[in-house]
Structures are given as C-alpha cells and as structure tokens.
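Summary of the model geometry
Read off the chains here:
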Amino acid sequence: MLAARTGTVGNKNAEDALKLRKQSVLSLGSRDRAPKCPSEGGKEARGRAGQPQQRARRLALLRELETNWYLRLCELSHEFTIAYTTGMPHRNLGKSGLRVSCLGLGTWVTFGGQISDEVAEQLMTIAYESGVNLFDTAEVYAAGKAEVILGNILKKKGWRRSSLVITTKLYWGGKAETERGLSRKHIIEEIVRAMTHVINQGMAMYWGTSRWSAMEIMEAYSVARQFNMIPPVCEQAEYHLFQREKVEVQLPELYHKIGVGAMTWSPLACGIISGKYGNGVPETSRAALKCYQWLKEKIISEEGRKQQGKLKDLSPIAERLGCTLPQLAVAWCLRNEGVSSVLLGSSNPEQLIENLGAIQVLPKMTSHVVNEIDNILGNKPYSKKDYRS
C-alpha cells in the first residue's frame, strides 16, 4: 500500500521535489481561479448543477498531476504502470485510499464447484494479466474450497501480494452454531469491535459489508465513531439492469455522508442478461442445476419473460456500439461513477475475456445511450434528493 512520505527520491533533492509538487497544485488551482464574467450571473444555478462533475474532473486531474510528479521524481514513466499497460481503469474503494480495478473476479459457484482447479487458474491468470487486482471469495463458497483454491493459485503464481486486493466474506461458516454468524466467537464483541480487532491484528486491512441495509451500515459507522473503532469502507450489493434501487438511491447517500463505496456483484443477473435463456433453460446452464431451481423459476416466470423481451430490445443498441449484450450490461454498471468495482463471475476463459471487453465499451456509454437504455427498461429509480450536489 502506497503511503505519503517526505524526503528525497532518487537523485533529486527535497527542494526540487517541493517545487514540482507546488507546480502541480498551482496548475490545478489556476483552472478554478478564472475571472467571472458578468454575463455568467444568470448561469449560476446551471453551474451548480454541474458541480459534482467538476469536482470529479478536478480530483482526476489532481491524481494525474500527483502521479506525474511521483513518476518524474523516480525517473519513471506511465509505461511502467499496470493501468497503462493493460488499459484497466482503477477507482478508489469508497473514500478510502485503496485503489481497486473497476472490474474484479468473483469465485461464487465456480471455484471448487462448477469448474476445475485448472480452469480456475486460467481465469485468474487472464484476469491478472488484464489488470484485475481485485479477487473476491467467501468462507461459504464451496464449503471453504474456493478460498483454498484461490490461495493455492496465488502461491503458485508468485504474484506480489502487495499488488492484489483479496476480499472474503463471513457469516455462513461450518455446521456448528459457533461456526456461523457474526459473533466474536466466530470471527475472533459483535461485528464492529470484531472487525476492528481483525484489522488491528493484521489479518485484514479494511472491512466492509455485504447485503446490509443502509440503516444497518449507518449504525455500524455510528458505533465505530462513538467507540473509536474502525468503520466499514464499502458495501457489496447486487446491481444490474433489473436491480437498481439500492446502488442508485441508497448507497450514494452513504457515500457522501460517511464515505462508504459500492462493490457490486452479478452484473449479468446470474446469467439472465447473457442471452442464453432467450429460448428456455439450456441443460448445461447454471439454472439447470438442482440447487438453482429458484433461478429457473425466475426465468420462466411472467416477469422473467418480460425481462427477456427487454433484452431483445437492447440488442440493437449493443450492435450499434459494436459489442455483445453482456458487455453492454457490464459497461452500463461501470458507467455509474459511484461503483468502485464490478465483480465478474465466469465459468470459462471465453466468458471472462468477453466480459473484460466491457472496458472498451465504457467510453461509448454517453448520456444519450444511457437514456435509451432507461427508456427500454422503464425502471429508473426515483430519488427524492440529489445527494451528489
């Protein structure tokens, strides 16, 4: 993890470093100090509406200037950075300083279950070489096997641990009553105190929540601040074309109030958006498995058929943008700047490569395209207050 520091770097002295840093900050500040024209008075309200975008651009510019300053001191260039060589964008996880790839790799159903260890290694290799630094698992995935497989692959590959962000989840553990839940007994006082203990012991660096309500997250934050403990930095939530309310309405409020970011999962709605269920449920699909009867029922329901109809209406947009429907769906999730990272789940290399291609579609997600998609879906959630302003 990169920390701020003082002193010299390479063969440059401290005075040069300070001078370069001042130039970076001044060049950024000069953009904000342009004289105000009297004719702009009537546009003040409209200007306030664009303030969130302006702040985002200023932060991005500041980050670029700081990076250029550091690389220059180290006599390096952008060609040495993973983001440059792979084209994978990185975002802050909430308001923490942790930088995560905007696409991550999940292991639910696949690792230790649907795929072999060899295929799991192939998927992780493809993801890593594509610039993915975030790998997500949980103790309940494949009864703990997913965590073991992921760890074995990391050990075999010898990738620098400092270059990776590994996330896991706790609650459903073993069969005994003391092996599940969020008690101190299970994860070494309850939740906030336990997570603070885990971090203080060096077993983790950050903690977040998964499938918590906004009220529960706010309560955890309040407890942490009241007793001088460590609050959560992110919430892991389901987010896709047909599931929008929480990520687009509830989480933005938490982000601007307490800095909690969003890490989203199931961008293809458990495969529903992939297009494979347009003519029923294939025998080789996830919905055909016995333990996924609920998914099959969801697909063949009246609501499921309506969703398939909307996906067909979205296909011309994907064709016009030169991408597949899954790529469009993942890029649609990424177009939400409040999302720190989207977790992908793939059962074969071809699927993963296709989904990673959503990065190339992201620049094409203009406001016009997004409005087209919203008109087809007809499910854009209503927010009583714009928390971005």
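Scroll up for the structure.
The sections below set out a description of the structure shown in this document. (Residues numbered from 1 in each chain as written. Predicted model: local features only at pLDDT ≥ 70, side-chain atom pairs only at ≥ 80, totals over all residues. Heavy atoms only, no water.)

**Things to note about the overall build of the protein**
Counting its regular elements, the protein contains 17 helices and 9 strands. Split into buried and exposed, the 389 residues of the protein put 41% on the buried side. Here the protein displays about 22,200 Å² of accessible surface, and carbon together with sulfur accounts for 52% of that area. (Helix = DSSP H or I, 4+ residues; strand = E, 2+ residues; numbered from the N terminus. Buried < 20%, exposed > 50% of the residue type's maximum accessible area, 1.4 Å probe, protein only. Areas by Shrake-Rupley, 256 points an atom, 1.4 Å probe, with all protein chains shown as cover.)

**Quick word on the pairing of strand β7 (residues 234-238)**
Burial of β7 is extensive: 4 of the 5 residues sit out of reach of the surface. One ladder, built from 2 bridges, connects strand β6 (residues 209-210) with β7; its direction is parallel. If you follow S210 over to β7, its bridge partner there is Q236. Handedness of the crossover joining β6 and β7 through helix α10 (residues 214-226) is recorded here as right-handed. Pairing of β7 with strand β8 (residues 261-265), which is carried by 5 bridges, proceeds in the parallel orientation. Its bridge partner being in β8, E238 is matched across the sheet by W265. The parallel pair β7 and β8, bridged by helix α11 (residues 245-258), forms a crossover whose chirality is right-handed. (Pairing = 2+ DSSP bridges. Right-handed = clockwise from strand over helix to strand, strands pointing away.)

**Looking at the sheet that holds strand β9 (residues 339-344)**
Pairing in this open sheet of 7 strands is parallel, and the strands run β5-β4-β3-β9-β8-β7-β6 from one edge to the other. Each end of this open sheet is capped by a strand with a single partner; those strands are β5 (165-167) and β6. In terms of strand pairing, strand β3 (residues 103-106) meets β9 through 3 bridges, oriented parallel. Residue pairing for β9: G104 is matched across the bridge by L343. Running at roughly 155° to β9, helix α14 (residues 325-334) makes contact with β3 and β9 of the sheet. (Contact = heavy atoms within 4.5 Å. Axes fitted to C-alpha atoms, helices over the stretch in contact; angles between N-to-C directions.)

**Comments concerning the pattern of salt bridges**
Here the structure, examined in full by the defined rule, presents 10 salt bridges. As a salt-bridge pair, K156 and E121 come within 3.0 Å of each other at their nearest N and O atoms. A residue pair is termed long-range when its members are at least 10 positions apart, and K156 in helix α7 (residues 145-157) and E121 in helix α6 (residues 117-129) qualify at 35 residues. On the basis of relative accessible area, K156 is assigned to the exposed category, the value being 61%. Residue K157 is joined to E121 by a salt bridge in which the shortest nitrogen-to-oxygen separation is 3.6 Å. In this pair, K157 sits in helix α7 while E121 sits in helix α6, placing the two residues 36 residues apart along the sequence. On the basis of relative accessible area, E121 is assigned to the buried category, the value being 18%. Because the salt bridges share partners, they merge into one network encompassing R244, E248, R335 and D374. (Salt bridge = Lys/Arg side-chain N within 4 Å of Asp/Glu carboxyl O.)

**Describing helix α17 (residues 367-377)**
For α17, the set of buried residues is V369, V370, I373, D374 and L377. Within α17, the buried residues cover an arc of 140° as seen down the axis, which keeps them to one side. Away from the buried face of α17 by more than 90 degrees, exposed residues S367, H368 and N375 are located. (Arc of directions from axis to C-beta.)

**What to know about the packing of helix α13 (residues 302-321) against α17**
Between α13 and α17, whose axes approach to 9 Å, the crossing angle comes to 165°. For the element pair α13 / α17, the angle class is roughly antiparallel. The handedness of the crossing between α13 and α17 is right-handed. Taken together, the residues of α17 that come into contact with α13 (itself represented by K310, D313, L314, I317, R320 and L321) are V369, E372, I373, I376 and L377. Looking at side-chain class alone, the contact of α13 with α17 contains 7 nonpolar, no polar and 4 charged residues. (Parallel < 35°, antiparallel > 145°, perpendicular 65-115°, else oblique. Left-handed = near helix turned anticlockwise from the far one by under 90°. Nonpolar A, V, L, I, M, F, W, Y, C, P; charged D, E, K, R; others polar.)

**Focus on the packing of α6 against helix α15 (residues 349-356)**
Following both chains from N to C, one finds α6 and α15 inclined at 20°, their axes separated by 9 Å at the closest point. When the axes of α6 and α15 are compared, the pair comes out roughly parallel. Of the two possible hands of crossing, α6 and α15 adopt the one that is right-handed. Residues V119, Q122, L123, I126 and A127 of α6 form the contact with α15, whose participating residues are P349, L352, I353 and L356. Looking at the contact of α6 with α15 residue by residue, the classes come out as 8 nonpolar, 1 polar and no charged.

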